[in-house]
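A closer look at the structure
One letter stands for each residue in the lines below.
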Amino acid sequence: MRDTPLSACERNFIIRALGDRKRLDGRQPYDYRKVKITFGADRGCCKVNLGQTQVLAQVSCEITSPRAVRPSDGVLFINVELSPMASPAFEVGRMSDLGVEINRLLERCLRESRCLDTESLCIISGEKVWQIRVDVNVMNHDGNIIDCSSIAAIAALAHFRRPDVTVDGSEVIVHPSDEKDPIPLSVHHMPICVTFSFYEQGKYLLVDPTDKEEKVMDGKMVIGMNKHREICTLQVSGEMLLMKDQVLRCSNIAVVKVTEITELIQRALENDRQARLNGKKFGFAESEPTESILTNQQEPEEIQATETQMDEDSEEEKGMNGDLKTERKSKVKILDKGVGMIGEGGASTWGVEDNEMTEELQKEAKVTQPDHKEVTHTTDCQSAVSTVWIVGSSIVYWAETRAKVRKMQNLLYDPKEVRVYWDGVRGMKWDALMINLQRDLAVYDFPEPYVLIIHLGSNDVASWNTDELISRMKADIQKVREMFPLTQLVFSEILARRVWRGLSLECGEAKRQRINQEVGQYVTEIGGVVVPHENILHQNVTLYIKDGVHMNDFGNDILLDDIMNCLSSILAESTNDTEDSMETEDEVILSSIDLDICYTLPLSEVNKDIEGNYPQQKEINNDDDFEIEFKTSE
Amino acid sequence: MVDSVGKVVLPGENLTDLLGSDSTFESSAWSRNTTGDRFSDRVKTWFLKFKEPNIYWVDSFQKRYIPQRGDSVIGIITTKAGDVFRVDVGASELATLPYLAFESATKRNRPDVKVGDIVYCKFLVANKDMEPELVCIDGSGKSAGLGVIGRDGGMLLQVPINLVQKVLSPECVLFKTLGKNLKYEVAVGMNGRIWIKCHTVMETIAVANAISVSQHMTNQDIQKMCSQMADSLVGF
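No experiment lies behind these values; they were computed from the predicted model shown.

With that settled, consider the overall build of chain A. Counting secondary structure elements, chain A contains 14 helices and 21 strands. Across the 634 residues that make up chain A, the buried fraction comes to 48%. Residue pairs in contact within chain A that sit at least 24 positions apart in sequence constitute 73% of those at least 6 positions apart.

Let us look at the packing of aromatic side chains. All names here are of chain A. By the definition in use, this model includes six aromatic pairs over all chains. Seen from their ring centres, Y397 and W398 are 5.1 Å apart, and the 85° between their planes marks the pair as edge-to-face. Given a relative accessible area of 32%, W398 falls into the partly exposed group. One cation-aromatic arrangement involves R419 over Y421; the distance from NZ or CZ to the ring centre is 5.2 Å.

So, about the sheet that holds strand β13 (residues 219-225) of chain A. All names here are of chain A. Pairing is antiparallel across the open sheet formed by four strands, whose spatial order is β12-β11-β13-β14. Bordering the open sheet on either side are β12 (204-207) and β14 (231-238), each of which pairs with just one other strand. Adjacent strand axes in the sheet meet at a mean angle of 20°, parallel and antiparallel pairs treated alike. Relative to β14, β13 is paired through seven bridges, and the arrangement is antiparallel. In the sheet register, G224 faces β14, and the bridge partner there is T233.

Let's shift gears to unusual backbone geometry. All names here are of chain A. One non-glycine residue, R229, lies in positive phi territory at about 65°. Note on placement: R229 falls in the loop between β13 and β14. Classification of R229 by relative accessible area gives exposed; the value is 57%. In this structure, L411 is a non-glycine residue whose phi angle is positive, near 55°. As for its position among the elements, L411 is in the loop between α9 (394-405) and β18 (418-424). Take L411: its relative accessible area is 1%, and that puts it in the buried class.

Turning our attention to the side chain of A:R472. Residue and element names in this part refer to chain A. Residue position: R472 is located in helix α11 (residues 466-483). Exposure remark for R472: the relative accessible area of 18% places this residue in the buried category. A polar atom in the side chain of R472 sits 2.6 Å from the side chain of D431. For R472, the residues in contact, after removing those within four places along its chain, are W430, D431 and W464.

What counts and what doesn't
Residues numbered from 1 in each chain as written. Chains lettered and ligands numbered in written order. Predicted model: local features only at pLDDT ≥ 70, side-chain atom pairs only at ≥ 80, totals over all residues. Heavy atoms only, no water. Helix = DSSP H or I, 4+ residues; strand = E, 2+ residues; numbered from the N terminus. Buried < 20%, exposed > 50% of the residue type's maximum accessible area, 1.4 Å probe, protein only. Contact = heavy atoms within 4.5 Å. Phe/Tyr/Trp six-rings, centres within 6.5 Å; stacked < 30°, edge-to-face > 60°. Lys NZ or Arg CZ within 6 Å of the ring centre and 35° of its normal. Pairing = 2+ DSSP bridges. Axes fitted to C-alpha atoms, helices over the stretch in contact; angles between N-to-C directions. Polar contact = N/O pair within 3.5 Å; in protein donor to acceptor, adjacent residues only side chain to side chain.

Geometric descriptors of this kind do not, in isolation, establish any biological role.
This is how it looks when you write it as structure tokens:
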């Protein structure tokens, strides 16, 4: 049978996507697909899934006579079979070119690198030795069979146990497994092959190509390496020429990948060992999902989606019926005694609204709009939670990631009192500030902030004239002031960088300091606060990751500390105010829907994020049948 | 056996109970078995479904396409042979597409189609005895949207057949929801191939992912997923 041909349209699309540094499955150019290693019940049986590519390796042993040239060495024999179930292009019988190539590569990688100690396989020198045979079967071909097979082969070799033998003069006794425990092979190191594919004459480089990407590539390079940074094999094939520095760069990338994969193999071996030791079930049957009919198994797709609040959507589930009603729950804001407001006033952007009460409230809102400013405290009416927004560029994004890792996404505040909303967008420039703020308010439904921390501008330093940039920043900060008149503005100073794109280090540093000084002065004049980051200097190499721009874990921790210190001083002032305003909570005419919200849910539920991990609130979950968990990405 | 609607049926199961006293039995190409015995075997396996007033069918997850006359499919031109193009439609054999079956094509005026192009075409002949034939014009000689597509970009996606049927059904809100937030162009072939084009590469990849994950989603889930995706695209 023939394989589906690749159309010109797909080819052009893949190349174009590479130009944008995008891959079809959303991976980064140097990312591997998900590797899943499972071991069978038999010793030496290993199945590896690399994305959709699936390879099964089985190790077996036999006693034979050794080769004449090496009488005291065992024999390692590798056989790769491309079964027709892997791809319609593979045929039974004669091995195709690809099959020969993979076979040869694996032989070089495993046998010639001496990863297996063949001398320990000798029984009687010159007469009897063990022959270890590795059969690799490719079960599904979705690109990069070589990597997958090498992982499967080495994992199977490490998993295998051979029978124990005793030599009695010239008699050899092979002990079955119930008499004597079988012994493992002595594997010195684990060589793993890493495949790089090249496009446009070496311009673009991808690691772990899928089937489609392989069809488009100009050529590929396979590096077989172990975690001790020793290259076991190197092969370049295809119609292209490579520069020396590209080869070196690839080997550096391979070091990282090989280390990760070796760790994964070790972990899988350890898990299997533990399972066998503790008498638990092991083998393939355990790793497959049961009690479900599956013809199509799909890993959860990772669609890039920013975190949004899920709890509000779940309220609408009852009303949805296939029509496109995208209403979002609106919070009722108390304006004055007996007056509540939903929405921001202005024209109604709702579709069909069958709730008369809210329309009335809207009218009242329009009338009482000038009274809005009399509210002393912009917090949610249903609970006295102070909201903090942290808006900015990739620095904020990575700080959030670090905070999540340290399980302090809410900056160690009690979510009932302070709620932190992160909005860090990588690559964000100053122009996008207003748009992002409006989006946070309207689309993501962040409640209006009590404190707004802005960390932005470093991506503009190189592209704008300093004076122009400063005046734009000041103008936008003024606009933010008007948008949130009661919010405490905080300007987080632009961080020092070790590398500025388009500028020398001195120039970038000077610009940054001037911008920080002038904008900081302006912010303090209009009543805001400035967070300096005195401990993050470009001379501190230990705070930056390799790109010289972003913070590593240490740097991010300092950043988080700075923010928290600033916040605590602001919030400490405010606690004196909160006590007064709490007593003036008013009665409001609420519609039936709002009543449901107020009376059936505990107050703290309203602002709870499903994805947040606040252990003290988990037990409340049981009562809620509104909230439906929906996992899109892992 | 009316209660077996919604359950899994296997080949060899007897479904004669489903027939009323005076109903006739029509079976489609996909389900007739080799001996032609109308009352017993089904060749496919999976859920038995029922649609008012009188259609029972076996719904299954299938990836390989079987040509049906009148189906619109997306094919890839593999070779030229004499007067025809040989087109791969994902079936067991290549289909033929004559040169003259394009709008305003004459013997002198050959259509501008190269090997590797994608064409949106319809089956003229499709049965188990003959080689399938495709055309890119309708009865009156107009192209009606058929013909070469993908000349200026776009991406081709391969999905199982039942997903295509789901996505094209009037109840499915996927395309409508996507259209609320994104501008995109899509051509859906009944052989499981979908061609998608948006302004940017990222949007195209996002739409392609959205379609492929909606396979096991309900309408509500689809709406949620689409709105999340649209937000993340807008927010860079």
